[in-house]
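Chains, contacts and geometry: an overview
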Amino acid sequence: MELKEEDLLQRNVKGISKKLKEAKVCILGLGGLGSNVAVLLARAGIGYLKLIDFDVVEASNLNRQQYRISHIGLKKTEAIKIIIKEINPFVEVDILDIKVDRKNIYSIVGDIGIVVEAFDKAETKVILMEELLTNTNKIVISASGMAGLGSANEIVTKKIKDNFYLIGDNYSDYEEYSGIMSTRVMICASHQANMVLRLILEEEKFKKVIQ
């Protein structure tokens, strides 16, 4: 049987496929947040994903990231591209195996308007915020505060400013709870992916769907 894109997306909300197909999203970091966001957006039918990371898949990643045992030792960029193509081969996936810094952030993001921040380290998050939120018109969707096993209802999406959305519970961190679980990480990732979709589809005819 020939696989058609419309067959994969037939259970989506009606009338959104063209808009999503035309959309471009950049995801910086492919760990617990980024790998899950990438897969969620691929399932939704996003047309183009630019995926950035410089790390390799390790066994300790498997408790919360999208990777499998067969991916251990692979670059995360390579592994996530394999996963996405098995889910939705119609998504254009551009991968870049590089560490993000102040010098390359602009060339990495390029003309893509929506950026998902999914870094592990606070200092890299700071670089992104200082550069993209002050010097460009990019929209950044970030997440922080997902450690432990607190209530899922504590994790929320907040609009901090017109081009900055922050997801999390506003208090938990890795050091305090000495661990991070798939449940809360994936909730945060789902919030990020959902916000991406809402921003892309923010039109009058979709308001009832995305409120």
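- Under an unreviewed UniProt entry, the name given to the protein is Thiamine biosynthesis protein ThiF, and the source organism is Fusobacterium animalis 11_3_2.

1. Here we look at the pairing of strand β1 (residues 24–28)
- Buried residues dominate β1, accounting for four of its five residues.
- Pairing between β1 and strand β2 (residues 48–53): five bridges, direction parallel. Note that in β2 the partner of Cys 26 across the bridge is Lys 50.
- This β-α-β element, β1 to helix α3 (residues 34–44) to β2, shows right-handed connectivity.
- Bridge analysis of β1 against strand β4 (residues 114–117) gives four bridges, and the strand direction is parallel. Bridge assignment links Val 25 to a residue of β4, and that residue is Ile 114.

2. What about the pairing of strand β5 (residues 139–143)?
- Counted residue by residue, β5 has four buried out of five residues, so it is predominantly covered.
- Note that β4 and β5 share three bridges and pair parallel. Within β5, the position partnered with Ile 114 by the bridge is Ile 139.
- In this region the chain leaves β4, passes through helix α6 (residues 122–135) and returns to the parallel neighbour β5; the handedness of that crossover is right-handed.
- Examined bridge by bridge, β5 and strand β7 (residues 164–168) share four bridges and lie parallel to one another. Bridge pairing in β7 places Ala 143 opposite Ile 167.

Calculation rules
Residues numbered from 1 in each chain as written. Predicted model: local features only at pLDDT ≥ 70, side-chain atom pairs only at ≥ 80, totals over all residues. Heavy atoms only, no water. Buried < 20%, exposed > 50% of the residue type's maximum accessible area, 1.4 Å probe, protein only. Helix = DSSP H or I, 4+ residues; strand = E, 2+ residues; numbered from the N terminus. Pairing = 2+ DSSP bridges. Right-handed = clockwise from strand over helix to strand, strands pointing away.

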